[in-house]
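Architecture and fold: a report
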Amino acid sequence: MVGSVPVGGDAPVSVQSMTTTVTADINATLQQIAALTASGCQIVRVAVPSQDDAEALPIIAKKSQIPVIADIHFQPKYVFAAIEAGCAAVRVNPGNIKKFDDKIGEIARAASDHGVPIRIGVNAGSLDPRLLQKYGKATPEALVESALWECSLFEEHGFRDIKISVKHNDPVVMVQAYRQLAAQCDYPLHLGVTEAGPAFQGTIKSAVAFGALLAEGIGDTIRVSLSAPPVEEIKVGIGILESLNLRERGLEIVSCPSCGRAQVDVYTLAEQVQAGLEGLKVPLRVAVMGCVVNGPGEAREADLGVASGNGKGQIFVKGEVIKTVPESQIVETLIEEALRLAEEMGVE
Ligand code: SF4
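Every value quoted in this text rests on a predicted model; they were computed, and no experiment measured them. (Residues numbered from 1 in each chain as written. Predicted model: local features only at pLDDT ≥ 70, side-chain atom pairs only at ≥ 80, totals over all residues. Heavy atoms only, no water.)

Considering the overall build of the protein
Scanning the protein from terminus to terminus reveals 13 helices and 13 strands. Counting every position in the protein, which comprises 348 residues, the buried fraction comes to 52%. In the protein, the proportion of contacts linking residues at least 24 apart, taken out of those at least 6 apart, comes to 62%. Accessible surface, the protein as shown: approximately 15,700 Å² in total, 50% of it carbon and sulfur. On the protein, the mean spot of the 30 positive side-chain charges and the mean spot of the 42 negative ones are 3 Å from each other. (Helix = DSSP H or I, 4+ residues; strand = E, 2+ residues; numbered from the N terminus. Buried < 20%, exposed > 50% of the residue type's maximum accessible area, 1.4 Å probe, protein only. Contact = heavy atoms within 4.5 Å. Areas by Shrake-Rupley, 256 points an atom, 1.4 Å probe, with all protein chains shown as cover. Lys, Arg positive; Asp, Glu negative; His and termini not counted. Charge placed at Lys NZ, Arg CZ, Asp CG, Glu CD.)

Written out as C-alpha cells, the structure reads:
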C-alpha cells in the first residue's frame, strides 16, 4: 500500500506524477497536487533536496488528498523526516545509497514501524559506479543487478515492503530491464522511461514501453516523465491504461484520418466535438467519420456517431440512425446527444 493506494498483486495499475514546485513552497506545491488530483493522479512524489523541503513535508502529507512520496537523494536524515512527517512512501536512489550504508538498518526499522514502503529507484543516469565499470554502461543487466543489490541491503534487515524501478531513457533498454527484473523478483514494479523528452516524444516513448510491458502483465504503477506540466503526464498515463483496457475508457473519439473520399472537414469536426465534450466524465464512444465507406459501420458500433456525406451527417445513437442533419449542425447535434446519453447514464 502506498497510503490508501494498493500497488502490486491484482491491484489496478495506478498513475502517478511528481510536482515541479519547490517543495518548501507549501502553497504552490499543494496547489499543484490539487490540480494533479483533479486530473486523476493517484500518487504524487515531491523532491526533498533541502532541510526547508523536509520541514514542509508534514503539512503537505497532511493536506494532500492523495498519498505523497518523498524523493530523497544524498541525505538519510530526510528519509527519517519523511517517515515521521507521514509521507506514504519514500524513494531512494541507489547511486547514493552507499552513503546510507550504516543507516540502512535504521531506515528499515523506521519504515517498518510506520508501515512506509520504500521505492528503490534505479536510474541509468545515476547508476552505481561499480556497476558502470563492470558493464561499461547502463545495460539492462546492470540496472537489474543494481536494483536487486539495493533490495538485498534492506532484506538483510528483514525489510521487504519495497517496489522497484529501473528507468532508462531508451525504451528498448528499459523494456528489457523490466522483463529481466520481473523474472527475478516478485516486488511490485514502478514503470518509467526516464528523461523521455518533450510531450510528443515522451508520450510515444512511454506509450511504446509501457504498452509492451503492461500487455505482458509487467508493471504495477506508472509515471510518464515529460518535459511538460505534470498534469500532462497524468493525461498520457491514463490514456495509456485506457488504450490497453486496463482502465475503463472515458470519453473516446473514434475519428477517421480523412482521405480523398472525405466529404467533410474531419479534422475540424473531430476537434470541435472533442472540445465540446471536454471534461465529460462518461464512458462514451463517439465516432466522427468522413464519408459513407466506413462511416456508417463505425458510427453504428459507437454509442454515438456521424457518417458524413453530401453536405449532411447521418447521426447514429446506439446503432440506429436517429436523424440526418445539415453539415453545419453536426457538431451541436453530437454534443446535444452526448449530453443526453450522459444524463441517461446518470453522469454529470
Ligand atoms: Fe476516407 Fe471515408 Fe475512411 Fe474517412 S471514413 S478515411 S473519409 S474512406
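Okay, back to it.
Looking at the UniProt feature "domain: IspG C-terminal" (unreviewed entry) in the protein
Residues given the UniProt feature "domain: IspG C-terminal" (unreviewed entry) here are residues 252-337. As annotated, residues 252-337 comprises 31% helix and 33% strand, and the C-alpha atoms at either end are separated by 15 Å. (UniProt positions renumbered as here; feature names shortened; annotations may be inferred.)

Considerations on the domain arrangement of the protein
Partitioning the protein into structural domains gives domain 1 (14-244) and domain 2 (251-345). Here the C-alpha centroids of domain 1 and domain 2 sit 41 Å apart. (Domains from an automatic or database assignment.)

Some details on the layout of surface pockets
In this structure, the largest pocket encloses a volume near 1,000 Å³. Taken together, 27 residues line the largest pocket, and the ones lying closest to its centre are I238, E242, G250, L251 and Q274. Every element with two or more residues in the lining of the largest pocket is listed here: α1 (26-39), α10 (230-243), β9 (252-255) and α11 (266-277). Ranked by residue count, the leading element in the lining of the largest pocket is α10, at six residues. Class assignment for the residues of the lining of the largest pocket results in ten nonpolar, eight polar and nine charged. Split by domain, the residues of the lining of the largest pocket number at least three in each of domain 1 (14-244) and domain 2 (251-345). Put simply, the second largest pocket is a space of about 200 Å³. What lines the second largest pocket is a set of 16 residues, and nearest its centre among them are R91, N123, K167, T194 and E195. Elements represented by at least two residues in the lining of the second largest pocket include exactly β5 (118-123) and β6 (162-167). (1 Å grid on protein atoms, 1.4 Å probe; cavity = no way out; pocket = protein on both sides within 12 Å on 5 of 7 lines; lining within 4 Å. Points joined across faces, edges and corners; volume = space filled by probe spheres on them. Nonpolar A, V, L, I, M, F, W, Y, C, P; charged D, E, K, R; others polar.)

Some thoughts on the sheet that holds strand β11 (residues 304-309)
Pairing within the open sheet is mixed, and its five strands lie in the order β9-β10-β11-β12-β13. Both outer strands of the open sheet, β9 and β13 (320-326), are each paired with one neighbouring strand and no more. Ignoring which end each strand starts from, the neighbouring axes of this sheet average 20 degrees apart. With four bridges joining them, β9 and strand β10 (residues 285-289) adopt parallel strand pairing. Each residue of the ladder has a partner; that of E252, found in β10, is R285. (Pairing = 2+ DSSP bridges. Axes fitted to C-alpha atoms, helices over the stretch in contact; angles between N-to-C directions.)

Focus: the site of the ligand
Around the ligand sit C256, P257, S258, C259, R261, A262, M289, G290, C291, V293 and N294, and that is every residue in its neighbourhood. Here the residues of the shell around the ligand are counted per class, giving seven nonpolar, three polar and one charged. (Near = heavy atom within 4 Å.)

Let's talk about a nonpolar patch on the surface
Taken together, the side chains of F200, I204 and V208 define a hydrophobic patch exposed on the protein surface, amounting to about 340 Å² of accessible area. Relative to the helices and strands, I204 resides in helix α9 (residues 199-215). For I204, a relative accessible area of 43% corresponds to the partly exposed category. (Patch = residues over 30% accessible without salt bridge, like charges linked within 9 Å, V, L, I, M, F, W, Y side chains within 5 Å. Salt bridge = Lys/Arg side-chain N within 4 Å of Asp/Glu carboxyl O.)

A look at the nonpolar core
Of all hydrophobic cores here, the largest spans 75 residues; its most connected members are L143, F154, I164, M174 and F210. Broken down by element, the residue count for this core peaks at seven residues, all from helix α7 (residues 140-155). Membership of the second largest hydrophobic core comes to 28 residues, among which are V306, V325, L334 and I335. (Core = buried A, V, L, I, M, F, W, Y, C linked by side-chain atoms within 4.5 Å.)

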